[in-house]
Amino acid sequence: MAADSGPSQKTEATQATDYADYALGEPLVDTKAPDGPVAERWKRRRFEAKLVNPANRRKHTVIVVGTGLAGGAAGASLAEQGYRVIQFCYQDSPRRAHSIAAQGGINAAKNYRNDGDSVHRLFYDTVKGGDFRSRESNVHRLAEVSVEIIDQCVAQGVPFAREYGGLLDTRSFGGVQVSRTFYARGQTGQQLLLGAYQALSRQIAGGSVEMHPRTEMLDLIVVDGRARGIVARDLVTGRVDTHLADAVVLATGGYGNVFYLSTNAKNSNASAIWRAHRRGAHFANPCFTQIHPTCIPRAGDHQSKLTLMSESLRNDGRIWVPKAAGDERAPSAIPEGERDYYLERQYPAFGNLVPRDIASRAAKNVCDEGRGVGPGGQGVYLDFADAIARLGRDAVEAKYGNLFEMYERITAENPYEAPMRIYPAIHYTMGGLWVDYDLQTTVPGLFAIGEANFSDHGANRLGASALMQGLADGYFVLPATLNDYLARHPHEPVPDRHPAVHEALGTVTDRLYQLLSNQGDRTPDSFHRELGELLWDECGMARNEAGLTKALARIPALREEFWRRIRVPGSGETLNQSLENANRVADHLELAELMCLDALHRAESCGGHFREESRTDGGEAERRDEEFSYVAAWEFTGTGTPPVLHREQLTFEYVHPTQRSYT
Amino acid sequence: MNLHLRVWRQQGPDADGAMAAYDVSGISPDMSFLEMLDTLNEELAGRGEEPVAFDHDCREGICGACGMVINGQAHGPERTTACQLHMRHFADGDTIDVEPWRAAAFPVVKDLVVDRSAFDRIIGSGGYVSVPTGSAPEAHATPVPKAAADTAFENAECIGCGACVAACPNGSAMLFTSAKVVHLNSLPQGAPEREERVLSMVGQMDAEGFGGCTNTGECATACPKGIPLPSIAAMNREYLRAVRKGR
Amino acid sequence: MHGGVSSVSAMALVTRTDRRPSLVSLAWRSTVGKKAVMAVSGLIMLLYLVGHLVGNLNMFFGPDEMNGYAHWLRTIGEPFLKHSWFVWIVRFGLVAVVVAHGVSAYQLSRRDIRARPVKYAHQRQRASYATRTMRWGGVILALFIVWHLLDLTTHTVNPRGEAGHPYENVLATFSTWYGNVIYIVAMLAVGLHIRHGFWSAAQTLGANRPGRDRILKGTANGLALVLTAGFLSIPIGVMTGVVS
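Residues numbered from 1 in each chain as written. Chains lettered and ligands numbered in written order. Predicted model: local features only at pLDDT ≥ 70, side-chain atom pairs only at ≥ 80, totals over all residues. Heavy atoms only, no water.

A word on the domain arrangement of chain B
All names here are of chain B.
Thinking step 1. Annotation of chain B at the domain level lists domain 1 (3–110) and domain 2 (117–245).
Thinking step 2. Taking the mean C-alpha position of each, domain 1 and domain 2 sit 29 Å from one another.
Thinking step 3. Taken together, the contact pairs 17 residues of domain 1 with 21 residues of domain 2.
Thinking step 4. Summed over both partners, the interface of domain 1 with domain 2 comes to about 1200 Å²; 62% of that surface belongs to carbon and sulfur atoms.
Thinking step 5. Taken as a group, Arg79, Ala105 and Phe106 account for 41% of the area that domain 1 buries against domain 2, more than any other trio of residues on that side.
Thinking step 6. Our count for the domain 1 to domain 2 interface comes out at zero salt bridges.
Thinking step 7. Our count for the contact surface shared by domain 1 and domain 2 stands at four residue pairs in polar contact (both at pLDDT 80 or more).
Thinking step 8. Grouping the amino acids of the side of domain 1 that touches domain 2 by side-chain chemistry returns 10 nonpolar, five polar and two charged. (Domains from an automatic or database assignment. Contact = heavy atoms within 4.5 Å. Buried area = accessible area lost by both parts, 1.4 Å probe. Salt bridge = Lys/Arg side-chain N within 4 Å of Asp/Glu carboxyl O. Polar contact = N/O pair within 3.5 Å; in protein donor to acceptor, adjacent residues only side chain to side chain. Nonpolar A, V, L, I, M, F, W, Y, C, P; charged D, E, K, R; others polar.)

Spelled out as structure tokens, the structure:
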């Protein structure tokens, strides 16, 4: 597997730990992507795919883990086709997956506005927005499918915003020049998720989907090199069971919670994809994380998670900090001349509307200079005084009323009178399990969809594209490609007593036992916070070799301390949230190490990944295409032992890489 | 601030439970109610005691996972979810009672965690539009009058938290059920299954053991998303219409 | 041949019944349907009460008017209906309505109590007084109806009890302290019951809509006030000597 690992293959002088001493493996090639004109590829792939006779579909069982936009849509669609689906979610109901919290909207190349939008333009914007680190074939397919998603969701009864003529309304979003974002007030994710959930519920009630809520996947079962099932724990009874199938689909979302503080749900976690990674699925671009610029800053050490506010606020709000460091006056007491509207100053062309990564980094820079505001100096002002003066308070309220209300509820400050304070926060992870064009991982029979995979967004995701990708994968892409896999690989049932099944079950129960029996003195949360702070400091908005090397030295020590000092009260036979948490933190402690290594090895700046060593003379991010125009897919070799890097070279036939510039 | 908590502790579905008293100190007014419970739980876990189990996830007031009765009110004194309730609404030295949702159809799983799967079965009985993936017509084929779209949205906002059931003296799920019936029945896309939907969903709601509606209005008062009481009237209207139409 | 056809149609019938017995029985078994029965029966009783009150106000016009009105009631529908038939039809109708109202109330209440078996440790005041007193108010009214019939219809407990002389019988009732107390308590209960009941019936029958809530509540309050005040005016009239 791990090919040649001679010293010549090592990058940089990063000898801090053995872990950084990774080997370079065989390049990865996406064998499923058809060639030919990009606009024909998806059509061709679907036609070339083998099909399963409708009468035989009932004989195939597919496991789907997760019930968010991708998982919910996939479970419902596969069941509609006639497959037997066994589905899992850790929440008490499939309706609660964190897709529900997405606010802004969903992109689709409908061109209802007659403003020059097209599938090709959405494709172009997404490849460029991803800073040329995604695959053209995948992105084009995403743009094609986007139009079908809107049709599907409208037919399901998703209450999108409409105009008085009864037709769908759209708005523009983050740095795009057309109005292609469909929305349902500030709750688009909720409405789309409920649509998928309702479709799924119909299949559950009809008996086609066997739903296991409050059940968490803890390992993947691989038999004869193919994914054939999972080990899952019933969170209420504590029972650990194996579930077997012909294919396994992971729709378990991103891993932003590695940072402890993020806009992810408290229980979102990386365990499913990390367990799959340990079982042979390569992990791609783990360092590509998205930091959202407009979140409510933390109020103190008690903070358990961060809350995002729609970036539409930047349309009318002006971002500033005091010119002088350590200026502790109230914002109203700082005269105009002593304010620094730093985005408008640095990026006159785009001003407050620069892309997410740039706005986030600029905020970090001014805070690092000691000019941040609010508790701990970790915040910048987002000021609506000018907008209120220009448009009137009523107009501002009509546009942003619900966001202002949310801000006031959380901070007890009135944003109509004093400027809001905002700070960037971890929001989305572009990295994830490596998948081919069919969304299949490097473990045959194991598929990853939605945020759980790495594809489509490259190094930076555009606003309103996450919902689009999750639903594209779930409703349209996976149901087509999974057919092909099942048709080509008729499976004999796996006996319950198969050694691989036994081994996976044993691994899980041993680990749970270890967590429960350890007589330590620290809580899972205390480790999680410590890990999160370390990652935020060293592998957050700006990264450098020294910091990443330091993190790579610290993480194994923290992991060792975790297993020595962890204390989990209660038993494994009942609902035990400390146990769930501890198990997730244990996986985060391994994933964090890979993230830092990936960030260290990618010595360029691209999208959300900013390496301080790689910047232009003007201090902007500098991509280095000659060296890094590839997907970094990491192969697991053991906890704490150096992984193997497989590169998938990216080629651009239609959208030619250029350096982004917003000044 | 320092607070006296009395929290319902119950080891499992069949175990007996009781209110247990805890004192917490150093609570910041900026904490959410759940962060206050986190503080208690870290303390308990530090002492090797089992933390208080409670459902929570997004902590942004949208997933509907959290839910507890705080001083006799579902989600506490503010009209929002427990995760968006901040401690500044309490005073130093307060005694706060925290109990799980109480309803026969929501059996307690542990401590403050209850089983709300009855809601999923109500949705499964008809809270959908039967439109298999790929079979949808072009989105603009059927314009939807803005008023209908707005009514649909207002009702679609329901987060399924169960506060309506918890607040209702009869443990009734009428507000929850009506929100989905009204959402889908107001739209042309939901029209073909209009009668079938309301009959099945009301049937399932009754079968789950929820109580009937006595129009006390407690549900709408407790609803963090402001689903209005007239939605129940609208569902009644749909139901009686379906009965009259003989379907 | 003939047998075959009928068995097919019988089967079809069976299948249909299997799926959905009959909508009326389905509705009666559902909480929403049963509640609609309560609403309709309640509204019929309310309508009756309005008529009853208007008729009773004849008390203020002296014995001849009152007794004449009572006599007229028995002649309604003649010659199509025989003497007193109308009154009996109304009585039977009312009994059916009261039974339907009571039975559904009883069944729904049992269900509601089962649906919330455990009370909150932290009790707090919920809903309005009228809402909270619907059940006990209903029981009080049921008992009152029994007494009222024994008093002024069968005259069993009336101090005077002379058929065809309702004016005198009513005076007799309100000349006893307990007669007044029972009547006044019951009329207050009627007011509270209508106050919540009318609006509730509108809600149950789907007549409420977002913009209509206040009008319905206002109407409920108005009806409750008028009926209570109207009915109370009679014992008060007797007590103050306006009616004698």
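Having seen the structure, we can now continue with the description.
Here we look at the interface of chain C and chain B
Interface size is often expressed as the accessible area that is lost when the parts come together.
Thinking step 1. Between chain C and chain B, the contact holds 39 residues from the first and 47 residues from the second.
Thinking step 2. Both sides together, the interface formed by chain C and chain B hides about 3500 Å², and carbon and sulfur atoms give 53% of it.
Thinking step 3. Its largest share of buried area at the contact with chain B, chain C owes to Val32, Tyr120 and His122 of chain C, together 18% of the area lost on that side.
Thinking step 4. Applying the counting rule to chain C against chain B returns one salt bridge.
Thinking step 5. Linking chain C to chain B there are 25 residue pairs in polar contact (both at pLDDT 80 or more).
Thinking step 6. Of all the elements in the fold, those that place two or more residues in the side of chain C that touches chain B are α1 (2–19), α2 (23–29), α3 (31–56), α5 (85–115) and α9 (177–204) of chain C.
Thinking step 7. In terms of residue class, the side of chain C that touches chain B is built from 14 nonpolar, 11 polar and 14 charged. (Helix = DSSP H or I, 4+ residues; strand = E, 2+ residues; numbered from the N terminus.)

Quick look at the sheet that holds strand β3 (residues 84–88) of chain A
Residues and elements named next belong to chain A.
Thinking step 1. Sheet architecture is open: five strands sit in the order β7-β3-β2-β11-β19, paired in parallel fashion. In this open sheet, the two strands that pair with only one neighbour each are β7 (209–212) and β19 (446–448). The average undirected angle you get between the axes of adjacent strands in this sheet is 20 degrees.
Thinking step 2. Pairing analysis gives four bridges linking β3 to β7, with the strands arranged parallel. Bridging across to β7, Gln87 finds its partner in Met211.
Thinking step 3. The strands touched by helix α3 (residues 69–81) are β2 (61–65), β3 and β7; relative to β3, the strand with the most contacts, the crossing angle is about 160 degrees. (Pairing = 2+ DSSP bridges. Axes fitted to C-alpha atoms, helices over the stretch in contact; angles between N-to-C directions.)

Thoughts on the nonpolar core
As a rule of thumb, soluble globular proteins bury nonpolar side chains together.
Thinking step 1. Formed by 277 residues in total, the largest nonpolar core has its most connected members in Ile106, Phe160 and Phe384 of chain A together with Phe210 of chain B.
Thinking step 2. Residues contacting Phe210 of chain B, with those up to four places away along its chain left out, are Ala105, Phe106, Ala118, Phe119, Ile122, Val165, Gly171, Ser172, Ala173 and Met205 of chain B together with Arg111 and Ala115 of chain C. (Core = buried A, V, L, I, M, F, W, Y, C linked by side-chain atoms within 4.5 Å. Buried < 20%, exposed > 50% of the residue type's maximum accessible area, 1.4 Å probe, protein only.)

Focus on the side chain of Arg314 of chain A
All names here are of chain A.
Thinking step 1. Checked against the element boundaries, Arg314 lands in the loop between β13 (289–295) and β14 (318–322).
Thinking step 2. Using a relative accessible area of 4% as the deciding quantity, one classes Arg314 as buried.
Thinking step 3. A polar contact of 2.8 Å, which involves the side chain of Arg314, links it to the side chain of Glu311.
Thinking step 4. The residues touching Arg314, leaving out its near neighbours within four places in the chain, are Pro293, Thr294, Ile319, Asn352, Leu353, Val354, Pro355, Arg356 and Ala359.

Quick word on the interface of chain B and chain A
Thinking step 1. Contacts between the two partners involve 75 residues from chain B and, on the opposite side, 72 residues from chain A.
Thinking step 2. Of the roughly 6000 Å² buried at the junction of chain B and chain A (both faces included), carbon and sulfur atoms supply 52%.
Thinking step 3. The largest share of the area that chain B buries against chain A comes from Asp57, His140 and Phe153 of chain B, three residues that together contribute 12% of it.
Thinking step 4. Where chain B meets chain A, there are four salt bridges.
Thinking step 5. As a salt-bridge pair, Arg214 of chain A and Asp55 of chain B come within 2.8 Å of each other at their nearest N and O atoms.
Thinking step 6. Put simply, chain B and chain A have 43 residue pairs in polar contact (both at pLDDT 80 or more) between them.

Concerning the pattern of salt bridges
All names here are of chain A.
Thinking step 1. On inspection of all chains with the given rule, the structure shows 80 salt bridges over all chains.
Thinking step 2. Between Glu369 and Arg371 there is a salt bridge; the shortest N-O distance is 3.0 Å.
Thinking step 3. For Arg522, the salt bridge is made with Glu561, and the minimal N-O distance between the two is 2.9 Å. Residue Arg522 is located in the loop between α13 (499–517) and α14 (524–539), and its partner Glu561 is located in helix α15 (residues 545–565); the two are separated by 39 residues in the primary sequence. Taken individually, Arg522 and Glu561 each receive the classification buried, so the pair is uniform in this respect.

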